[in-house]
Amino acid sequence: MVNLGDIFPNFSADTSDGRIEKFHDWIGSSWAILFSHPADYTPVCTTELARVVTLEPEFKKRNVKLIALSCDGVESHIGWSKDVLEYAKSTADKLPYPIIADENRDLAVQLGMIDPDEKTKEGLPLTARAVFIIGPDKKLKLSILYPATTGRNFNEILRVIDSLQLTATKKVATPVDWKSGDKCMVLPSIPKDEAKQLFPDLELHGLPSGKEYLRFTPQP
């Protein structure tokens, strides 16, 4: 298992777009999202990967590379991608991101992506719907694990990327339901005087406790 803040494994893998010898080299100076699905040619997975096709320009704007994964082979990925592109109403010849072929389940086991309730007709385990967001420093910034029966909300993943990229460089956190452009929260570790200098439009929300920890500021 990879924990938040750990260096993500620098694995090699075959994909629908050729072989990746070193995952870290593939990421380069970008952010990256690795997301797994249970199987090719299945309904929920098709809707998910098609949605990522339509949102790919938004991820690209944020300097995020995308890569999918399942336990199917390269030829299966290439064949299924035509169905994904059709559902996405795309006229492209191929997906704008590769799909890893993890037929031996090496990455599925290493990264804790196995869904205990989902198996092939031969009884082999399948991957759950995992999401790993990796920073340019190759460290894991966020992980989410969904069961096979629940499709993901990739608009939420875009929102999370916005928050991660903002809070990586600014001394703020993002509150509940935050989206880009909303007010942020000043980190509680910043002393009052410093906070006023850094955030001249700081707003303090009074509380019954009298503690001054709910401090809001326009997004820096």
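The rules behind the values
Residue positions are given per chain, counting from 1 as you read along its sequence in written order. This being a predicted model, a pLDDT of at least 70 is required before a residue's local features are given, and a value of 80 or more before pairs of side-chain atoms are given or counted; all residues contribute to the totals for chains, interfaces and linings. Processing note: side-chain calculations cover all non-hydrogen atoms of the structure and skip hydrogens and water entirely. Every helix listed is a DSSP run of H or I at least four residues long, and every strand listed is a run of E at least two residues long, numbered separately from the N terminus. When a residue's accessible area, from a 1.4 Å probe over protein chains only, is under 20% of the maximum for its type it is buried; when over 50% it is exposed; and in between it is partly exposed. The contact rule is simple, with two residues in contact once any of their heavy atoms fall within 4.5 Å. Method for areas: the Shrake-Rupley scheme with a 1.4 Å probe, in which residue coverage is limited to the protein chains shown. Only four residue types enter the tally: Lys and Arg on the positive side, Asp and Glu on the negative side; His and the chain ends are excluded. Note on charges: their place is set at NZ of Lys, CZ of Arg, CG of Asp or CD of Glu. Two aromatic rings, drawn from Phe, Tyr or Trp (for Trp, its six-membered ring), form a pair once their centres lie within 6.5 Å of each other, and the interplanar angle then sorts them: stacked below 30 degrees, edge-to-face above 60, tilted otherwise. In this scheme, Lys NZ or Arg CZ marks a charge over a ring once it lies within 6 Å of the ring centre and within 35 degrees of the ring normal. We treat two strands as partners when DSSP finds at least two bridges between them. Definition of nonpolar core: a set of buried residues of the types Ala, Val, Leu, Ile, Met, Phe, Trp, Tyr and Cys, connected through side-chain atoms within 4.5 Å. Axis geometry follows a simple rule: fit a line to the C-alpha atoms, using only the stretch in contact for helices, then measure angles between N-to-C directions, giving values from 0 to 180 degrees. An angle below 35 degrees is treated as roughly parallel, one above 145 as roughly antiparallel, one from 65 to 115 as roughly perpendicular, and anything else as oblique. When the near helix sits turned anticlockwise from the far one by under a right angle, the crossing is termed left-handed; a clockwise turn instead gives a right-handed crossing. Ten residues, namely Ala, Val, Leu, Ile, Met, Phe, Trp, Tyr, Cys and Pro, are considered nonpolar, four, namely Asp, Glu, Lys and Arg, are considered charged, and the remaining ones, Gly among them, are considered polar. UniProt positions are given in the numbering used here, feature names are shortened, and annotations may be inferred rather than shown by experiment.

Draft legend 1. Expanded view of the overall build of the protein chain. Along the protein chain, the regular secondary structure elements total six helices and 13 strands. Over its C-alpha atoms, taken along the principal directions, the protein chain stretches across nearly 60 × 35 × 35 Å. By residue count, 43% of the 220 residues in the protein chain fall in the buried class. Sequence-distant contacts, at least 24 apart, represent 62% of the contacts inside the protein chain between residues at least 6 apart. Carbon and sulfur atoms make up 52% of the accessible area of the protein chain, which amounts to about 11600 Å² in all. In the protein chain, 27 side chains carry a positive charge and 31 a negative one; their mean positions are 7 Å apart.

Draft legend 2. Representation of the packing of aromatic side chains within the structure. Enumeration over the complete set of coordinates arrives at six aromatic pairs. Relative to Phe154, the ring of Phe35 lies with its centre 5.6 Å away and its plane at 70°, an arrangement referred to as edge-to-face. Of this pair, Phe35 sits in strand 3 (residues 31-36) while Phe154 sits in helix 5 (residues 154-167); the two residues are 119 residues apart in sequence, bridging distant segments of the chain. Phe154 carries the same exposure label as Phe35, and that label is buried. The ring of Trp26 has Lys65 sitting right over it, with the charged end atom 5.3 Å from the ring centre.

Draft legend 3. Region of interest: the sheet that holds strand 13 (residues 215-217). Taken in spatial order, the four strands make up an open sheet running 10-11-13-12, and their pairing is antiparallel. In this open sheet, the two strands that pair with only one neighbour each are strand 10 (172-173) and strand 12 (203-204). Alignment of strand 10 against strand 11 (residues 184-186), held across two bridges, turns out to be antiparallel. Bridge assignment links Val172 to a residue of strand 11, and that residue is Val186.

Draft legend 4. Structural context of the environment of Gly18. Considering the arrangement of structural elements, one finds Gly18 in strand 2 (residues 18-20). Owing to a relative accessible area of 36%, Gly18 belongs among the partly exposed residues under this scheme. It is 21 Å that separates the C-alpha atoms of Gly18 and Ala50, two residues lying 32 residues apart in sequence.

Draft legend 5. Looking closely at the nonpolar core. If you look at the biggest cluster of nonpolar residues, it comprises 29 residues, and the most contacted ones within it are Ile33, Phe35, Leu49, Phe59, Tyr97 and Ile133. At the level of elements, strand 3, helix 2 (43-61), strand 4 (64-70), helix 3 (74-87), strand 8 (129-134) and helix 5 are the ones that each hand at least two residues to this core. Ranked by residues supplied to this core, first place goes to helix 2 with seven residues.

Draft legend 6. Examining the packing of helix 2 against helix 5 more closely. At a minimum axis separation of 10 Å, helix 2 and helix 5 run at an interaxial angle of 30°. Considered as vectors, helix 2 and helix 5 are oriented roughly parallel to each other. Relative to helix 5, helix 2 is oriented so that their crossing is right-handed. On the side of helix 2, the interface is formed by Glu48, Arg51, Val52, Leu55, Glu58 and Phe59, while helix 5 contributes Phe154, Asn155, Ile157 and Leu158. Counted by class, the contact of helix 2 with helix 5 contains six nonpolar, one polar and three charged residues.

Draft legend 7. The UniProt feature "active site" (unreviewed entry) in the protein chain, seen in detail. Within this numbering scheme, the UniProt entry marks Cys45 as carrying the feature "active site" (unreviewed entry). Residue position: Cys45 is located in helix 2. On the basis of relative accessible area, Cys45 is assigned to the buried category, the value being 1%. Every residue in contact with Cys45, bar those within four places of it in the chain, is listed here: His37, Pro38, Ala39, Trp80 and Arg129.

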